[in-house]
Amino acid sequence: MQRYSAFSLLRHGINRHTTWAPAWRSPPLKDRYDVIVIGAGGHGLATAYYLAKEHGLTNVAVLERGWLGGGNIARNTITIRSNYMRDASIPFYVKSVALYEAMTRELNFNMMHSKRSMIDVIQNYPMMRDRRRRQHIMDIYGSTYEQISEAEVRRRIPALTGGGPDARLPVVGGYVHTDAAINRHDAVAWGYARAIDAMGGEIHQQTPVTQLLRGADGRIEGVETPRGVIRAPKVAVAVSGHTTTLTETVGLKLPLRTMNLTAFVSEPVKPLVDVIVNCPDAGFYLSQSDKGSLVIGGAPDPGQSFRRDIKQTVFEDTVSAMLSLFPSFKKLKFLRQWGGHLDIAHDASPIQDETDVPGLFITAGWWGGYKAIPAGGLTLAHLVATGRPHPLMEPFGINRFRHLDYVMETGTTTAR
Amino acid sequence: MMQIPCPFCGPRNESEFSFGGPVKPPRPDPSAVSDEDWTAWLTQVPNPLGPVQEQWWHVRGCGTWLTIWRDTRTHDIVEAPDGGR
């Protein structure tokens with residue numbers, strides 16, 4: 001692998017940047033692998049990376065229906081945090097945050113990681129109690145949550161001028177999560193792809209899986225694609241919203257619903273907000289990108305949806321909520337919007353397990369799965385390679401629904 | 001904006017409605033069905049690339065509850081409460 005450094009930049013710059021090697025190959029598609037990973041999104045790529053790095057499995061193909069970095073890894077709000085609610089969830093996200101912080105060095109790819117804190121703007125006392133309860137549980141696992149006064153909230157977010165004493169919901173205080181960060185989503189996809197390629201794994205773009213194939217013994221046998229049948233004794237499904245679409249091709253039903261979660265960005269403006277602002281009572285969150293755009297998200301669409309666009313009602317609700325706290329943002333112009341469809345499990349926690357079809361693994365229900373990418377890949381690679389769940393993922397097996405042993409998670413959706 | 005056909009008020013903007021969740025079959029008697037069927041009823045809903053049956057509440061209108069079939073790919077309402085469309 002060609003290493004990236006200030007020196008390599010200088011050397012290739014002298015050659016007018018004509019001497020860079022491609023970051024990954026496009027090898028011919030074989031008809032047999034040890035492991036097939038469906039979906040070259042964050043979770044699929046991280047899985048292939050850890051299969052090679054931790055378990056020495058490199059005869060691995062990652063199949064992608066579109067292009068690298070074009071799925072949900074490009075359709076999120078790049079928020080990395082670990083302020084969850086449950087004992088089962090927090091250690092997993094603490095690990096994921098730590099892996100993100102080490103990623104630039106580990107992959108030799110600049111993630112533009114910006115650890116800038118998240119401030120929850122709290123506008124009623126029940127929410128304050130919820131945050132205090134979270135803080136007590138997070139303290140156990142080394143995540144950070146700290147209460148601050150209303151005056152301190154306003155000092156740290158000067159643009160927050162609404163929510164005064166006469167407002168319907170006055171700001172009563174805040175909570176700071178200092179572990180929170182944003183980074184560059186493209187770099188995550190490209191950095192993993194480059195590392196997988198260097199270790200011998202393969203990424204095949206424009207290769208949609210149309211059908212999972214089961215052998216006569218009931219085991220998974222491979223997948224069908226327009227480029228032909230590809231066989232493997234182990235197949236991992238990491239496709240976000242389309243998990244059930246694929247598993248239903250082998251008659252497998254899962255407790256997942258597909259929802260559309262949207263975000264939008266403003267025109268670029270001068271530095272204005274230097275933390276991630278989350279307003280759970282108003283129902284929106286925002287951060288400012290390096291380019292100066294405000295990246296704004298709100299609630300998911302009501303009902304199931306496979307459409308990846310924004311609904312007018314959701315957009316209007318989010319904007320009016322935002323203007324109640326940031327009235328000066330009224331002048332901002334709206335630049336673009338996107339939606340990503342993701343599946344949510346019955347208890348709003350992820351599902352990562354081997355299914356009833358031996359050899360078929362799923363990683364799904366990542367409601368806000370961007371922050372979970374490195375740890376989700378680490379744990380799935382462990383499960384695929386060893387056949388046993390990783391300790392961090394043990395509570396998130398599919399059998400919890402059979403035993404009605406739900407992991408009800410309310411820390412998943414940032415906004416509500 | 002999605003227009004939802006209310007049987008009393010005609011087609012109205014989605015912003016007047018509150019989502020009431022997917023339609024489920026009636027609750028079975030847990031002691032009369034298998035464990036598998038019981039947990040499936042509790043935790044699973046159909047998740048098709050296509051029409052789903054769901055309830056909406058015309059909360060900022062006449063207050064009625066209604067059931068529609070909506071396509072999850074397009075948001076087209078493929079079957080209205082009166083069976084029309």
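Definitions and cut-offs
- Residues numbered from 1 in each chain as written.
- Chains lettered and ligands numbered in written order.
- Predicted model: local features only at pLDDT ≥ 70, side-chain atom pairs only at ≥ 80, totals over all residues.
- Heavy atoms only, no water.
- Helix = DSSP H or I, 4+ residues; strand = E, 2+ residues; numbered from the N terminus.
- Rg over C-alpha atoms; globule rule 2.2 N^0.38 Å.
- Buried < 20%, exposed > 50% of the residue type's maximum accessible area, 1.4 Å probe, protein only.
- Contact = heavy atoms within 4.5 Å.
- Areas by Shrake-Rupley, 256 points an atom, 1.4 Å probe, with all protein chains shown as cover.
- Lys, Arg positive; Asp, Glu negative; His and termini not counted.
- Charge placed at Lys NZ, Arg CZ, Asp CG, Glu CD.
- Pairing = 2+ DSSP bridges.
- Axes fitted to C-alpha atoms, helices over the stretch in contact; angles between N-to-C directions.
- Buried area = accessible area lost by both parts, 1.4 Å probe.
- Salt bridge = Lys/Arg side-chain N within 4 Å of Asp/Glu carboxyl O.
- Polar contact = N/O pair within 3.5 Å; in protein donor to acceptor, adjacent residues only side chain to side chain.
- Nonpolar A, V, L, I, M, F, W, Y, C, P; charged D, E, K, R; others polar.
- Expected span 1.5 Å × (residues − 1).
- Domains from an automatic or database assignment.
- Core = buried A, V, L, I, M, F, W, Y, C linked by side-chain atoms within 4.5 Å.

**Structural notes on the overall build of chain A**
- Looking only at helices and strands, chain A features 11 helices and 20 strands.
- In terms of overall dimensions, chain A is globule-like: its C-alpha atoms have a radius of gyration of 22 Å, near the 22 Å expected for 416 residues.
- The principal-axis extents of the C-alpha atoms in chain A amount to approximately 70 × 65 × 40 Å.
- Residues classed as buried in chain A amount to 58% of the 416 residues present.
- Across chain A, the fraction of contacts at a sequence separation of at least 24, relative to all contacts at a separation of at least 6, is 76%.
- Total accessible area computed for chain A in this model is approximately 16,900 Å², and 53% of it derives from carbon and sulfur atoms.
- Here chain A carries 47 positive and 38 negative side-chain charges, and the mean point of each set is 5 Å from the other.

**Some words on the sheet that holds strand S2 (residues 60-63) of chain A**
All names here are of chain A.
- One open sheet accounts for six strands, arranged S9-S2-S1-S13-S20-S19; its pairing is mixed. The sheet is open, and its two borders are formed by strand S9 (202-204) and strand S19 (351-354), each paired with just one other strand. Going across the sheet, the axis of each strand differs from the next one's by a mean of 15°, ignoring polarity.
- As defined by bridge partners, S19 adjoins strand S20 (residues 360-364) across four bridges and the pair is classed as antiparallel. Residue pairing for S20: glutamine 352 is matched across the bridge by threonine 363.
- With respect to the sheet, helix H10 (residues 373-386) is in contact with strand S1 (35-38), strand S13 (234-237), S19 and S20, its orientation differing from that of S19 by roughly 15°.

**A word on the interface of chain A and chain B**
- The interface is formed by 25 residues belonging to chain A together with 24 residues belonging to chain B.
- Summed over both partners, the interface of chain A with chain B comes to about 2,000 Å²; 58% of that surface belongs to carbon and sulfur atoms.
- When the buried surface of chain A facing chain B is broken down by residue, Gln304, Phe306 and Arg307 of chain A rank first, second and third, together holding 30% of it.
- One can count one salt bridge joining chain A with chain B.
- Between lysine 311 of chain A and glutamate 14 of chain B there is a salt bridge; the shortest N-O distance is 2.9 Å.
- Our enumeration of links across chain A and chain B arrives at nine residue pairs in polar contact (both at pLDDT 80 or more).
- Contributions of two or more residues to the side of chain A that touches chain B are made by helix H8 (243-247), strand S14 (256-266), helix H9 (312-325) and helix H11 (399-402) of chain A.
- Looking at the side of chain A that touches chain B residue by residue, the class counts come to eight nonpolar, 10 polar and seven charged.

**Topic: H10 of chain A**
Residues and elements named next belong to chain A.
- Compared with the 20 Å implied by 1.5 Å per residue over 14 residues, the 20 Å span of H10 between its first and last C-alpha is a close match.
- Burial analysis of H10 places 12 of its 14 residues in the buried class, which makes it a mostly covered element.
- Those residues of H10 that sit buried are Ile373, Pro374, Ala375, Gly376, Gly377, Leu378, Thr379, Leu380, Ala381, His382, Leu383 and Val384.
- Two residues or fewer after H10 comes glycine 387, characterised by a positive phi angle close to 80°.

**Considerations on the domain arrangement of chain A**
Residue and element names in this part refer to chain A.
- Taken domain by domain, chain A holds domain 1 (24-82 + 85-108 + 184-254 + 347-401) and domain 2 (118-179 + 258-345).
- Relative to domain 2, the C-alpha centre of domain 1 lies at a distance of 29 Å.
- Between domain 1 and domain 2, the contact holds 32 residues from the first and 27 residues from the second.
- Across the interface of domain 1 and domain 2, roughly 2,600 Å² is buried in total on both sides, 60% from carbon and sulfur atoms.

**A short note on the sheet that holds strand S10 (residues 211-214) of chain A**
Residue and element names in this part refer to chain A.
- With antiparallel pairing, the three strands of this open sheet are ordered in space as S10-S11-S12. Edge strands, defined here as strands with exactly one partner in the open sheet, are S10 and strand S12 (228-231). Averaged over all neighbouring strand pairs, the angle between strand axes comes to 30°, with direction disregarded.
- Inspection of the sheet shows S10 paired to strand S11 (residues 220-225) by four bridges, in the antiparallel sense.

**Here's the deal with the environment of lysine 95 of chain A**
- Tracing the chain through its elements places lysine 95 of chain A in helix H3 (residues 90-101).
- Excluding residues that lie within four positions of it along the chain, lysine 95 of chain A makes contacts with Ala375, Leu378 and Leu392 of chain A.

**Re the nonpolar core**
All names here are of chain A.
- One finds Leu45, Val188 and Tyr192 to be the most contacted residues of the largest nonpolar core, which totals 63 residues.
- Here this core spans two domains, since at least three of its residues come from each of domain 1 (24-82 + 85-108 + 184-254 + 347-401) and domain 2 (118-179 + 258-345).
- Apart from the residues lying within four places of it in its own chain, the contact partners of leucine 45 are Gly39, Ala40, Val62, Leu68, Ala189, Tyr192, Ile196 and Ile203.
- Val209, Ala232, Val250 and Val357 belong to the second largest nonpolar core, which has 27 residues in total.

**Some details on the pattern of salt bridges**
Residue and element names in this part refer to chain B.
- Here the structure, examined in full by the defined rule, presents 19 salt bridges over all chains.
- Where arginine 12 meets glutamate 16, a salt bridge forms, and the shortest distance between an N and an O atom there is 3.0 Å.
- Given the relative accessible area of 34%, arginine 12 is considered partly exposed.
- For glutamate 16, a relative accessible area of 16% gives the class buried.
- Put simply, arginine 70 and glutamate 54 hold a salt bridge, and the shortest N to O gap is 2.5 Å.

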